[in-house]
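A structural walkthrough
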Amino acid sequence: MTTDETTTARYDFKEIEARWQKHWDSTGLYRATDKPDKDNKFYMLVMFAYPSGDIHMGHFRNYIIGDAIARQQMMLGKEVLHPFGWDAFGLPAERAAIQRDIPPQKWTLENIEVSRATLQKVGISYDWSREVTSCLPDYYKWTQWMFIQLLKKGLAYRKRGFVNWCPEDKTVLANEQVKDGRCDRCDTLVEKKDQVQWYFKITDYADRLVDDLDKLSDWPENVKTMQREWIGRSYGAEIDFTIEESGEKLPVFTTRPDTIYGVTFMAISPEAEILDRLNLEGEYVERVKEYTRKAQAKTDIERTAVGDEKDGVFTGRYAINPFNGERVQLWVADYVLAGYGTGAVMAVPAHDTRDFAFAKKYDIPIRVVIHPDEKTTLDAETMDDAFVDYGPMVNSEQFDGLSGEKAISETTAYSEQQGFGRNKVNYKLKDWSISRQRYWGCPIPIIHCPKCGEVPVPDDQLPVVLPDITDYQPKGRSPLADVEAFMNTTCPECGGEAQRDPDTMDTFVCSSWYYLRYIDPNNDAEPFDIENVRRWLPVDLYVGGISHATGHLIYFRFFHKFLKDIGWTKDDEPAKRLFNHGMVSDSEGRVMSKSKGNATSPIQLMDERGVDVARLAMFFAAPSDKEVLWSDESVTGVEKFAYKRLYPIVRKLRGSSPDLKQHFKCDKLSSDDKSVYVKLNQTIARATEDFTRLQFNTTISALMELIRDYNLVTISNDQLNDYIILKTIQLAAPLTPHLAEELWARAGFSDSVFKSSWPVHDPAAVVGDLIKIAVQVNGKLRDTIEVSADADQETVEKAAFACEKVERHIGGKDVVRKIFVKGRLLNIVVKG
């Protein structure tokens, strides 16, 4: 190996980046095998993109995080699968196409070409031979196949019911697509609409979706909490009240059966089916009808908002409480949502704040059935608010005196013995509404036959191809309904005249299984090869935004579990680890978004400064899980580091060909040599740890310090000199791939730097010389401690707080702040 004497201070990033990207592509560096060693594979997955325009800085950040990890895993010797594709159906692409008066397919495919070129310019290590596009028939054929498998197992069904309706997009939205009462795409207030829809029975998987979160130790706790709360599993009792007039049972779920004797009214959702069977009479008919109309014009957020005054209307009907035989008023109240339980709740004004306010407003009786304790009694006449805690039961016949869990278990057991109640688990999660009244989506593979009913399209007739049409504007019903050539068909069972289903699927159906298609993207006979999938799964690292926590990240878990149940997958969960990157915002703190018009493309920055500098700037701006306030001003420092510090280092090679697998003996090194060798190993240890946490900003800082320290001295040992330079290039490689590959080649290597081995630190050379640190309490010296010269504040604080002399002066007092001067002192300021 010899130093390349032609190396100059000028770095022609455009020529170098283009050359290496061409080389990587021609050599198949990123091509993944179909049959990896399961014990030595790494599946790196990033959320695939909506092609509604070119990628912006938010996408750029997401993709380079995954790229850095994929490249490091290559250097760790893993067989890496790092694919990419396009979430090409759905509202984002369709809305953008309509705004520009361009057919959605043309707009989408053109954007894919643009975005693909940008990503290839970035040099992301994707295996482009595995690219998938969800709007192409070779992909959505298998999305339709998935629908049919769910239908066969009774997990896809069609029914009429109230759904979320976006008046702007003129389509149904799943519950997960409504944020704070508004469409998560266009921010329009969502309405309720009575409509026939297709649903997936995700509720059958509710328990597994909750319980298996405990298996996901490498998922962020906040995501798991959000999913638990969204699924909303709660334990309680279901009690059968009886409609007085008809004798019909009205099951009601409650987590507090110990308050059953305090029920004085029941609140029914305006959308509850039971309303139609109450046979209202006289003035109540119009009152309830008018109230229901107004309630359905409100959003769920408005109806359930805490603190807002609740209203309702009396139906003139009563139910019978099975515990005491008392008549209970039946009210319609909009704070009860149809999706919760049976759409009716028992109201206990003395022990529920919302019920208390409602009862006071409408002069409904309030009965105390729980006291705070045996010595404290409550009087409904003097109460200012409900008492909602546990306590001994009163006015509750044979249950008087029971409290807490015992009261709950015994009242529930009694209801079971008497045949009017039972233990019950309830969920907030509702079945997934997947019908969309839009053109740009995967057609639902169902044929409606007057004789045979709903008939699935046979497998050999898939895909049902989305036709090219000229009128794809939203109408409130699917534009496909007006396309006779598409709609009119024959029934596969009886051969009679029939019609296709006009709706298309929610785009989240397409994205619920794309990670599987990457493994076998060209398979015409089946969605994927089972054995190959079992070798590659589970996904080792999934990188994407937290905004999908209660949408896609639940849906794809549901799909995976279903596919396991029918024998197509083996693992309980699709992804072993999830990482949520922070959002990228503009200088005013607004999250970058094409819809907001503030999305900045990385193209200009890459053209002016180079791809690797753009990558470094994004990595260095903030820890990967924190928000970035993007500004081009953040580029200057890392540009200097890349082109003025890292690039010239290769000129200092001395041609000694060191053994990169060996370590040096510190006691054989000079003082300067040892200090830089220790710094190198600290940097290796730091970078290795940082990559496990995906926190690359501190790796860049450590590399800056390493090169600074290297340049301050002259290494006397030629082997060590070259060793330090080559290890530095390797450490930088996943972050600055083009620059590192260029330096590696200039150092004399013929193979890619990504075929070399990731550095391993020397355990005997990570602790530098010890120094003394003064520890003060309120400015007075209390002790001195010995720590490494490179010890950070956290390390110094741990050592200081462990000192007996220091503890003597701070014990029992509040620490107000800590003043740290690296290498000199720690001052602990206390009060009290």
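Residues numbered from 1 in each chain as written. Predicted model: local features only at pLDDT ≥ 70, side-chain atom pairs only at ≥ 80, totals over all residues. Heavy atoms only, no water.

Digging into the overall build of the chain
The number of helices and strands found in the chain is 25 helices and 31 strands. With the principal axes as the frame, the chain shows a C-alpha extent of 100 × 80 × 45 Å. Out of the 832 residues belonging to the chain, those deemed buried represent 55%. Of the contacts formed within the chain by residues at least 6 apart in sequence, a portion of 73% connects residues at least 24 apart. A total accessible area of about 35500 Å² is found for the chain, and carbon and sulfur atoms account for 47% of it. (Helix = DSSP H or I, 4+ residues; strand = E, 2+ residues; numbered from the N terminus. Buried < 20%, exposed > 50% of the residue type's maximum accessible area, 1.4 Å probe, protein only. Contact = heavy atoms within 4.5 Å. Areas by Shrake-Rupley, 256 points an atom, 1.4 Å probe, with all protein chains shown as cover.)

With respect to the sheet that holds strand β21 (residues 488-490)
Across the sheet, 4 strands lie side by side as β20-β19-β22-β21; this open sheet has antiparallel pairing. A strand with exactly one partner marks an edge of an open sheet, and here the two such strands are β20 (453-456) and β21. Strand after strand, the sheet turns through a mean of 40° between neighbouring axes, direction not considered. (Pairing = 2+ DSSP bridges. Axes fitted to C-alpha atoms, helices over the stretch in contact; angles between N-to-C directions.)

With respect to helix α24 (residues 793-801)
Listed as buried for α24 are Val796, Glu797 and Ala800. Looking down the long axis of α24, one finds its buried residues gathered within 100° of arc, a one-sided arrangement. Turned more than 90 degrees away from the buried face of α24, the exposed residues are Glu794 and Lys798. (Arc of directions from axis to C-beta.)

Here's the deal with the pattern of salt bridges
Pairing of side chains with opposite charge becomes possible as their charged atoms draw close. Inspection of the entire model under this criterion finds 54 salt bridges. Across the salt bridge formed by Glu248 and Arg277, the nearest N and O atoms sit 2.6 Å from each other. Taken together, the positions of Glu248 in the loop between β10 (234-243) and β11 (249-254) and Arg277 in the loop between β12 (265-268) and α8 (283-296) put the pair 29 residues apart, joining distant regions of the chain. With a relative accessible area of 23%, Glu248 lands in the partly exposed category. Note that Glu573 and Arg557 form a salt bridge whose closest N and O atoms lie 2.8 Å from each other. In this pair, Glu573 sits in the loop between α16 (552-565) and β25 (578-580) while Arg557 sits in helix α16, placing the two residues 16 residues apart along the sequence. Here Glu573 matches Arg557 in class, with each residue buried. (Salt bridge = Lys/Arg side-chain N within 4 Å of Asp/Glu carboxyl O.)

Side note on the nonpolar core
Tyr43, Phe147, Phe200, Trp432 and Tyr542 are the most contacted members of the largest nonpolar core, which totals 181 residues. Here this core gets 10 residues from one element, more than from any other, and that element is helix α2 (residues 57-75). Ranked by size, the runner-up nonpolar core spans 55 residues in total, among them Met266, Phe323, Trp331 and Ile366. (Core = buried A, V, L, I, M, F, W, Y, C linked by side-chain atoms within 4.5 Å.)

A look at the packing of aromatic side chains
Under the definition given, this model contains 57 aromatic pairs. Considering the side-chain rings of Tyr284 and Phe314, the 5.8 Å spacing of their centres and the 85° angle between planes classify their relative orientation as edge-to-face. With Tyr284 in helix α8 and Phe314 in strand β13 (residues 312-320), this pair connects stretches of sequence that are 30 residues apart. The class for Tyr284 is partly exposed, based on a relative accessible area of 24%. Centre to centre, the rings of Tyr514 and Tyr518 are 5.5 Å apart; their planes meet at 75°, and the pair counts as edge-to-face. Each member of the pair Tyr514 and Tyr518 is classed as buried. Among the aromatic side chains, those forming a connected cluster through ring pairs are Phe147, Trp198, Phe200, Tyr205, Trp432, Phe508, Tyr555, Phe558 and Phe559. Its guanidinium or amino end placed over the ring of Phe754, Arg71 lies 4.7 Å from that ring's centre, counting from NZ or CZ. (Phe/Tyr/Trp six-rings, centres within 6.5 Å; stacked < 30°, edge-to-face > 60°. Lys NZ or Arg CZ within 6 Å of the ring centre and 35° of its normal.)

Some points on the packing of helix α20 (residues 671-693) against helix α22 (residues 718-732)
At a closest axis distance of 11 Å, the pairing of α20 and α22 adopts a crossing angle of 20°. Relative to α22, the element α20 lies roughly parallel. Every pair of crossing elements has a handedness; the one defined by α20 and α22 is left-handed. When α20 is examined against α22, the residues Asp673, Val676, Tyr677, Leu680, Thr683, Ile684 and Ala687 are found in contact with a partner set consisting of Leu720, Tyr723, Ile724, Lys727, Thr728 and Leu731. Here the contact of α20 with α22 is built from residues that sort into 9 nonpolar, 2 polar and 2 charged. (Parallel < 35°, antiparallel > 145°, perpendicular 65-115°, else oblique. Left-handed = near helix turned anticlockwise from the far one by under 90°. Nonpolar A, V, L, I, M, F, W, Y, C, P; charged D, E, K, R; others polar.)

Topic: the side chain of Asp540
Its place among the elements puts Asp540 in the loop between α15 (530-536) and β24 (541-544). According to the relative accessible area criterion, Asp540 is buried, its value standing at 10%. A distance of 3.4 Å separates polar atoms of two side chains, one belonging to Asp540 and the other to Lys576. Excluding its chain neighbours within four sequence positions, the residues that come into contact with Asp540 are Lys41, Phe42, Tyr43, Lys576 and Arg577. (Polar contact = N/O pair within 3.5 Å; in protein donor to acceptor, adjacent residues only side chain to side chain.)

Re empty space enclosed by the protein
In total, this model carries 3 cavities of 30 Å³ or more according to the counting rule given. If you add up the space inside the largest cavity, you get close to 160 Å³. Together, 19 residues line the largest cavity, and Gly90, Leu91, Arg436, Asp506 and Thr507 are the ones closest to its centre. Within the residue set of the lining of the largest cavity, elements represented by two or more residues are α3 (91-99), β6 (171-173), β23 (504-505) and α13 (507-510). Class assignment for the residues of the lining of the largest cavity results in 7 nonpolar, 6 polar and 6 charged. (1 Å grid on protein atoms, 1.4 Å probe; cavity = no way out; pocket = protein on both sides within 12 Å on 5 of 7 lines; lining within 4 Å. Points joined across faces, edges and corners; volume = space filled by probe spheres on them.)

Overview of the state of the cysteines
On inspection of all chains with the given rule, the structure shows 0 disulfides. Free cysteine: Cys494, not disulfide-bonded; nearest cysteine sulfur from Cys449 at 3.6 Å. When its relative accessible area of 32% is taken as the criterion, Cys494 is described as partly exposed. Residue Cys510 stays outside any disulfide, its sulfur separated by 5.3 Å from that of Cys442, the closest cysteine. (Disulfide = S-S within 2.5 Å.)

Side note on unusual backbone geometry
Most peptide bonds take the trans form, and the phi angle of most residues other than glycine is negative. The omega torsion across Leu462 and Pro463 is 0°, close enough to zero to call that bond cis. Among the secondary structure elements, Pro463 is positioned in the loop between β20 and α12 (484-487). Cis peptide bonds are those with omega within 30 degrees of zero, and the linkage from Leu537 to Pro538 qualifies with 0°. Along the polypeptide, Pro538 turns up in the loop between α15 and β24. The phi dihedral of Asn778 falls on the positive side, at around 50°, and the residue is not glycine. Relative to the helices and strands, Asn778 is located in the loop between β28 (770-777) and β29 (780-788). For Asn778, a relative accessible area of 43% puts it in the partly exposed group.

Regarding the packing of helix α21 (residues 696-712) against α22
Packing of α21 against α22 brings their axes to within 11 Å, and their N-to-C directions diverge by 160°. Considering the angle they form, α21 stands roughly antiparallel to α22. Handedness of the α21/α22 crossing: left-handed. Counted together, Leu703, Leu706, Ile707 and Tyr710 of α21 and Asn721, Ile724, Ile725, Thr728, Leu731 and Ala732 of α22 form the full contact between these two elements. Here the contact of α21 with α22 is composed, by residue class, of 8 nonpolar, 2 polar and no charged.

Considering the environment of Glu741
Tracing the backbone shows Glu741 in helix α23 (residues 737-746). The exposure class assigned to Glu741 is buried, which follows from its relative accessible area of 1%. Taking the C-alpha atoms as reference points, Glu741 and Asp25, separated by 716 residues in sequence, lie 14 Å from one another. Residues contacting Glu741, with those up to four places away along its chain left out, are Trp20, Trp24, Asp751, Ser752, Val753 and Phe754. A distance of 2.7 Å separates polar atoms of two side chains, one belonging to Glu741 and the other to Ser752.

What about the confidence of the model for the chain?
Chain-level statistics for the chain give a pLDDT mean of 92 and a share of 96% at 70 or above. Every residue in residues 1-8 scores below 50 in pLDDT, and together they form 22 contacts with partners more than four places removed in sequence or on other chains. (pLDDT = per-residue confidence, 0-100.)

Looking at helix α1 (residues 13-27)
Relative to the 21 Å expected for 15 residues at 1.5 Å per residue, α1 spans 21 Å between its end C-alpha atoms, a close match to the ideal helical length. Here α1 has its buried residues at Phe13, Ile16, Glu17, Trp20, Gln21 and Trp24. The arc that holds the buried residues of α1, viewed along the axis, is 125°, so those residues lie on one side. In α1, the exposed positions that point more than 90 degrees away from the buried face belong to Lys14, Lys22, Asp25 and Ser26. Buried residues in α1 make contact with α2, α4 (104-122), α17 (603-609), α18 (611-621), α19 (635-646) and α23. One or two steps after α1, the chain reaches Gly28, where phi turns positive at roughly 65°. (Expected span 1.5 Å × (residues − 1).)

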